[in-house]
Amino acid sequence: MKNLFAGVLMVFAGTMVSCGQKEMSRFPDYTELEQGLYIKYFEENAEGREILQGDVVVLNMRYTTEYDSVLFESQPGQPPVTLKADTGTYPGDFMGVFIGMHEGDSASVLVNASDFYTKTAGMPEPPAFVDSASVLKFTININKVQSMEEMQAEKERENAELEQVEMAQLNQYIEEAGITVEPTASGMYFISKKKGTGEQAVAGKKVKVNYEGRLINGQYFDTSLEEVAKAQGIYQEGRPYQPFEFNLGQGQVIPGWDEGVAMMKEGGKATLIIPSRLGYGANPRPGGVIKPFNTLIFEVELIEVMD
């Protein structure tokens with residue numbers, strides 16, 4: 001078997017020349033783009049937008065071992081694969097396949113497994129279940145091609161639309177909840193529930209607070225209070241439930257917290273209604289509860305102002 005495998009490698013190395021193009025004897029229907037990088041088109045869309053260096057490419061991708069064991073596959077309902085087109089950093093680099101392809105193209109691409117893992121992916125060696133002398137098979141479908149500037153402009157438009165939806169939902173919530181206080185200049189709503197009589201919280205001092213956090217639809221996502229966590233079904237075994245401490249006004253928390261807690265005195269309680277521009281904006285949080293452009297509502301108790 002060892003001699004047979006060595007013979008296969010010799011066949012792989014000794015490529016045939018036909019019409020000025022090399023072809024892999026093991027994969028005669030593939031064309032060599034450069035040393036170690038091979039392609040077979042399923043569909044060529046010459047009318048589609050050509051991919052240029054620096055373009056952002058959105059694609060569906062699946063790759064397998066040479067023997068068709070699936071290693072990765074983009075799934076429906078999940079974000080598609082997004083790559084920046086560039087020249088490869090070494091001969092046979094998978095990343096060098098995109099320039100010159102077109103929007104709407106679909107193809108199979110072969111690359112050396114060892115080079116992909118050690119050079120493209122930056123791993124010390126291929127996984128043990130992958131033969132380093134074999135090839136990886138990539139099936140790619142080019143869905144969309146944009147310049148970086150076009151992608152950024154599109155994202156800004158999408159974000160503006162999502163923020164408009166958020167603000168409409170927030171205004172509806174304020175009206176239906178009968179909230180009459182005016183928002184601060186930044187857009188946060190501060191609703192005092194209990195006036196504190198202790199020291200005023202000021203930027204630069206450490207504060208200790210208890211809190212409950214929920215979305216505008218009432219779904220809880222975090223709390224420092226164990227009984228609340230259990231009641232709302234978000235209790236985490238092993239997590240210490242205790243007052244949260246942070247340095248006020250130092251950017252250690254979201255801007256809405258820095259602003260709202262600075263309006264309180266020790267012993268005070270308040271509801272902070274924080275639009276996403278003062279929260280996490282377009283950035284979802286780990287765990288999946290807080291989505292982009294979610295307004296957050298916190299019940300906050302200022303326990304202590306410390307030096």
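Please read these numbers as outputs of a predicted model, since none were measured by experiment. (Residues numbered from 1 in each chain as written. Predicted model: local features only at pLDDT ≥ 70, side-chain atom pairs only at ≥ 80, totals over all residues. Heavy atoms only, no water.)

With respect to the pairing of strand E8 (residues 106-112)
Phase 1 of the analysis: Burial of E8 is extensive: six of the seven residues sit out of reach of the surface.
Phase 2 of the analysis: Across six bridges, strand E4 (residues 37-43) lies against E8 in antiparallel orientation. When the bridges of E8 are listed, Lys40 appears paired with Ser108.
Phase 3 of the analysis: Taken together, the seven bridges between E8 and strand E9 (residues 135-146) define a ladder with antiparallel strand orientation. Following the sheet pairing, Ser106 is matched in E9 by Asn141. (Buried < 20%, exposed > 50% of the residue type's maximum accessible area, 1.4 Å probe, protein only. Helix = DSSP H or I, 4+ residues; strand = E, 2+ residues; numbered from the N terminus. Pairing = 2+ DSSP bridges.)

A closer look at the nonpolar core
Phase 1 of the analysis: One finds Leu59, Phe94, Phe98, Val109, Phe138 and Ile140 to be the most contacted residues of the largest nonpolar core, which totals 26 residues.
Phase 2 of the analysis: Those elements that provide at least two residues to this core are E4, strand E5 (56-65), strand E7 (81-84), E8, helix H2 (113-120) and E9.
Phase 3 of the analysis: Excluding residues within four positions of it along the chain, Leu59 makes contact with Pro80, Val81, Leu83, Phe98, Ile140, Asn141, Ile142 and Asn143.
Phase 4 of the analysis: Listed in part, the 25 residues of the second largest apolar core include Ile254, Ala270, Leu272 and Leu302. (Core = buried A, V, L, I, M, F, W, Y, C linked by side-chain atoms within 4.5 Å. Contact = heavy atoms within 4.5 Å.)

Considering the packing of aromatic side chains
Each pair of aromatic rings is reported with the distance of its centres and the angle of its planes.
Phase 1 of the analysis: Under the definition given, this model contains 17 aromatic pairs.
Phase 2 of the analysis: An angle of 75° between the planes, with centres 6.4 Å apart, marks the rings of Tyr211 and Phe244 as edge-to-face. Separated by 33 residues along the polypeptide, Tyr211 in strand E11 (residues 206-215) and Phe244 in strand E13 (residues 244-247) bring together distant segments of the chain.
Phase 3 of the analysis: A residue is classified by how much of its surface remains accessible, and Tyr211, at 9% relative accessible area, is buried.
Phase 4 of the analysis: For Phe244, a relative accessible area of 32% corresponds to the partly exposed category. (Phe/Tyr/Trp six-rings, centres within 6.5 Å; stacked < 30°, edge-to-face > 60°.)

Considerations on H2
Phase 1 of the analysis: Every buried residue of H2 is accounted for by Ala113, Phe116 and Tyr117. End-on view of H2: buried residues confined to an arc of 85°, all on one side of the axis.
Phase 2 of the analysis: Packed against the buried residues of H2 are E5, strand E6 (70-73), E8 and E9.
Phase 3 of the analysis: For H2, the capping residue at the N-terminal end is Asn112, with a side-chain oxygen 3.1 Å from the backbone nitrogen of Ser114.
Phase 4 of the analysis: A positive phi of about 75° marks Gly122, the residue just after H2. (Arc of directions from axis to C-beta. Polar contact = N/O pair within 3.5 Å; in protein donor to acceptor, adjacent residues only side chain to side chain.)

So, unusual backbone geometry
Phase 1 of the analysis: In this structure, Asp68 takes a positive phi of about 75° despite not being glycine.
Phase 2 of the analysis: In this model, Phe293 sits at a positive phi of 60°, which is unusual for a non-glycine residue.
Phase 3 of the analysis: Turning to its location among the elements, Phe293 is positioned in the loop between strand E14 (269-274) and strand E15 (296-306).
Phase 4 of the analysis: In this structure Phe293 comes out as buried when scored by relative accessible area, which is 10%.

A short note on the confidence of the model for the chain
Phase 1 of the analysis: Considering every residue of the chain, the mean pLDDT works out to 91; 92% of them sit at 70 or more.
Phase 2 of the analysis: A low-confidence stretch, residues 1-24 stays under pLDDT 50, and its non-local contacts, those more than four residues away or across chains, total 25 contacts. (pLDDT = per-residue confidence, 0-100.)

Overview of the pattern of salt bridges
Phase 1 of the analysis: Applying the stated criterion across every chain yields a total of 15 salt bridges.
Phase 2 of the analysis: Of the charged contacts in the structure, one is a salt bridge between Arg239 and Asp222, with a shortest N-O distance of 2.8 Å. Separated by 17 residues along the polypeptide, Arg239 in the loop between helix H4 (226-231) and E13 and Asp222 in strand E12 (residues 220-223) bring together distant segments of the chain.
Phase 3 of the analysis: Several salt bridges share partner residues, and in doing so they unite Lys193, Arg214 and Glu299 into one network. (Salt bridge = Lys/Arg side-chain N within 4 Å of Asp/Glu carboxyl O.)

A short note on the side chain of Ser147
Phase 1 of the analysis: Residue placement: Ser147 occurs in the loop between E9 and helix H3 (148-176).
Phase 2 of the analysis: Since its relative accessible area comes to 16%, Ser147 is described here as buried.

Some details on the layout of surface pockets
Phase 1 of the analysis: Estimates place the volume of the largest pocket at around 490 Å³.
Phase 2 of the analysis: Around the largest pocket, the lining is made up of 23 residues, and of these Tyr211, Phe221, Asp222, Tyr280 and Phe298 lie nearest the centre.
Phase 3 of the analysis: Within the residue set of the lining of the largest pocket, elements represented by two or more residues are E12 and E13.
Phase 4 of the analysis: The residue makeup of the lining of the largest pocket, split by class, is 14 nonpolar, five polar and four charged. (1 Å grid on protein atoms, 1.4 Å probe; cavity = no way out; pocket = protein on both sides within 12 Å on 5 of 7 lines; lining within 4 Å. Points joined across faces, edges and corners; volume = space filled by probe spheres on them. Nonpolar A, V, L, I, M, F, W, Y, C, P; charged D, E, K, R; others polar.)

What to know about the pairing of E5
Phase 1 of the analysis: The buried fraction of E5 amounts to eight of the ten residues, a majority that puts the element mostly inside the structure.
Phase 2 of the analysis: The pairing of E5 with E7 spans four bridges and is antiparallel. Pairing of Val57 across the sheet is with Leu83, part of E7.
Phase 3 of the analysis: Sheet topology note: the E5/E9 ladder contains ten bridges and is antiparallel. Note on E9: the bridge partner recorded for Val57 is Val145.

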